[in-house]
Amino acid sequence: MGKQRVLSGVQPTGNLHLGNYLGAIRNWVEIQDQYDNFFCVVDLHAITVPHNPATLAADTYAIAALYLACGIDLKYSNVFVQSHVSAHTELAWFLNCITPLNWLQDMIQFKEKAVKQGENVGAGLLIYPVLMAADILLYQADKVPVGEDQKQHLELTRDIVNRFNHQFAKDKPVLKLPEPLISKEGARVMSLTDGTRKMSKSDPSELSRINVLDPPDQIANKIKRCKTDPVKGLTFDDPERPECNNLLTLYMLLSGKKKEEVAAECQDMGWGQFKPLFTEAAINALKPIQDKYQEITADKGYLESVLRDGREKAEAVANQTLADVKAALGYSAPL
């Protein structure tokens, strides 16, 4: 038996923040030697909301470089750009045609983002979960690392698999049913300005997030100005103190200390004592990533070769799945 396959990706909508790193990429790095990994930069998803065409390509390459800088190892993992593999959009079309409209209208993220966009909301925002399903299913992924907020999308993917196989591949299933891979710690990193909201690139305030490439002075300023409460003594898991729980969790993850150790260390602290510790831990944890990122981006040819090789390996798997799907739907093979 070979290794199980993992598929995941991040949108190139600007710099990675701690939520992306601690909630996703660091977990990928820690488990990558256990799986056959396909990690893509999902640039097709980036245009479901208004985007800047002038920076999309550069942002895409930056995220790919950050994957490598964060520790994605090409011995275990394949890194590529979603739009470089045309099978993603082709399979998405086939799956769109069998996915009931009400399944998509029930997606929580569509409802939330559609309200923000109003009359300008595009059809892509409604159907992008099907593209996400295509991303996963093209590679016959066994596991998909997801945060709590993405579980609904994976459930939709599983529903699509069952519907497709039942309607078109009863005797020999074509699409594999993926399972979620959820990290217990740090799976949901919250905003620095509101401990009840997820840290997000779409938040208009830069103070709400620490970006992986933020210089030390910016990290210190953001932590200095982050939202806290007036209570002395810092504790985990108090529903009345969401900011306290979030900041302690971030400190725990960035310092590498155990939860019990952090709880004992901080139980009698005030914020004036804690914030310098948190700042030091954040700067020290991110410096090796920042140094490696500068090394990778200084050699454009290297990054291009990684993505070229990644595309070729991805296409070999994706095109076979696409051919099997087309055959099940009744399409003839190209002459």
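Residues numbered from 1 in each chain as written. Predicted model: local features only at pLDDT ≥ 70, side-chain atom pairs only at ≥ 80, totals over all residues. Heavy atoms only, no water.

**A word on the overall build of the protein**
Where we set the bar: Helix numbering and strand numbering both begin at the N terminus, where a helix is a DSSP run of H or I of at least 4 residues and a strand a DSSP run of E of at least 2. Our radius of gyration is a C-alpha quantity, and the globule rule it is checked against amounts to 2.2 Å times the number of residues to the power 0.38. Relative accessibility decides the category of a residue: with a 1.4 Å probe and only protein chains considered, values under 20% of the type maximum give buried, values over 50% give exposed, and everything between is partly exposed. Residues scored as positive are Lys and Arg, those scored as negative are Asp and Glu, and His as well as the terminal groups of each chain are ignored. A charge is said to be at NZ when it belongs to Lys, at CZ for Arg, at CG for Asp and at CD for Glu.
The number of helices and strands found in the protein is 12 helices and five strands. Rg of the C-alpha trace for the protein: 21 Å, near the compact-globule value of 20 Å for 335 residues, within the 12% margin. On the principal axes, the C-alpha backbone points of the protein span a range of 70 × 45 × 45 Å. In the protein, which comprises 335 residues, the share counted as buried stands at 48%. Across the protein, 37 positive and 42 negative side-chain charges occur, with their mean positions spaced 1 Å apart.

**As for the environment of P129**
The condition is simple: Here a residue-residue contact requires only that any non-hydrogen atoms of the pair lie within 4.5 Å.
Topologically, P129 is positioned in helix α6 (residues 123–138). For P129 and T157, which are 28 residues apart along the polypeptide, the C-alpha to C-alpha distance reads 8.0 Å. Ignoring sequence-local partners within four residues, the contact set of P129 consists of L104, M107, H153 and L156.

**Thoughts on helix α8 (residues 216–225)**
Note the cut-off: Think of it as the arc spanned by the lines of direction from the helix axis to the C-beta atoms.
What α8 keeps buried is the set I219, K222 and I223. The buried residues of α8 occupy one face: seen down the axis, they fall within an arc of 95°. Exposed positions of α8 whose direction lies more than 90 degrees from the buried face are D217, K224 and R225. In this structure, the buried residues of α8 make contact with α11 (271–297).

**Brief notes about the pairing of strand β3 (residues 77–81)**
Moving residue by residue along a regular strand, the side chains alternate between the two faces of the sheet. What counts here: Note on pairing: two strands pair once DSSP finds at least 2 bridges between them. Seen with its strands pointing away from the viewer, a crossover is right-handed if its path from the first strand over the helix to the second goes clockwise.
Among the five residues of β3, five are classified as buried, and the element is accordingly described as predominantly covered. Taking every second residue as pointing to the same face, both faces of β3 are buried, with S77, V79 and V81 on one and N78 and F80 on the other. Pairing of strand β2 (residues 36–41) with β3, which is carried by five bridges, proceeds in the parallel orientation. By the bridge assignment for β3, F39 is matched with V79. Assessed by its sense of winding, the connection that carries the chain from β2 through helix α2 (residues 53–70) to β3 is right-handed.

**Considering the side chain of K275**
This is how the line gets drawn: Any Lys or Arg side-chain nitrogen found within 4 Å of a carboxyl oxygen on Asp or Glu counts as a salt bridge.
Position of K275 relative to the elements: it lies in helix α11. For the buried K275, no salt bridge is present, and the opposite-charge side chain at shortest range is D229, 9.9 Å distant. Setting aside anything within four residues of it in sequence, one finds K275 in contact with I223, K224, R225, C226 and T228.

**Notes on the side chain of H45**
Tracing the backbone shows H45 in the loop between β2 and α2. The exposure class assigned to H45 is buried, which follows from its relative accessible area of 3%. Setting aside its immediate chain neighbours within four residues, H45 contacts Q11, Q82, Y128, L131, M132 and D135.

**Things to note about the packing of aromatic side chains**
Quick reminder of the rule: Working definition: rings of Phe, Tyr and Trp (its six-membered ring) pair if their centres are within 6.5 Å, and the pair is stacked with planes under 30 degrees apart, edge-to-face with planes over 60 apart, and tilted otherwise. Should the NZ of a Lys or the CZ of an Arg lie within 6 Å of a ring centre and within 35 degrees of the ring normal, that charge is described as sitting over the ring.
Counted by the stated rule, this structure contains 10 aromatic pairs. For the ring pair W28 and F39, a centre distance of 4.4 Å and an interplane angle of 5° mean the geometry is stacked. Of this pair, W28 sits in helix α1 (residues 18–31) while F39 sits in strand β2, placing them 11 residues apart in sequence. Neither W28 nor F39 differs from the other in exposure class; each is buried. Site record: aromatic cluster; members linked through ring pairs are Y251, W271, F274 and F278. In this structure, K259 is placed above the aromatic ring of F236, and the distance from its NZ or CZ to the ring centre is 5.1 Å.

**Some remarks on the environment of N211**
Threshold: Counted as a polar contact is a pair of N or O atoms within 3.5 Å, where, for protein atoms, one must be capable of donating a hydrogen and the other of accepting one, and residues adjacent in sequence contribute only when both atoms are in side chains.
Within the secondary structure, N211 sits in the loop between β5 (179–181) and α8. Judged by its relative accessible area of 6%, N211 falls in the buried class. In this structure the C-alpha to C-alpha distance between N211 and G124, which are 87 residues apart in sequence, comes to 27 Å. The contacts of N211, once residues within four sequence positions are left out, are N15, L16, H17, E206, K222 and L286. For N211, the side chain forms a polar contact with the side chain of E206, separated by 3.2 Å.

**Description of the UniProt feature "binding site: L-tryptophan" (unreviewed entry) in the protein**
For clarity, the threshold we go by: UniProt positions are given in the numbering used here, feature names are shortened, and annotations may be inferred rather than shown by experiment.
When the UniProt feature table is mapped to this numbering, "binding site: L-tryptophan" (unreviewed entry) covers D135. Topologically, D135 is positioned in helix α6. Taking the relative accessible area as the measure of exposure, D135 reaches 3% and is therefore buried. Within the structure, D135 has its side chain in polar contact with the side chain of Q82 (distance 2.9 Å).

**A look at the pairing of β2**
Taking burial as the measure, the six residues of β2 include five buried ones, the bulk of the element. Both strand β1 (residues 5–10) and β2 contribute to a ladder of six bridges, which runs parallel. Pairing of L7 across the sheet is with F38, part of β2.

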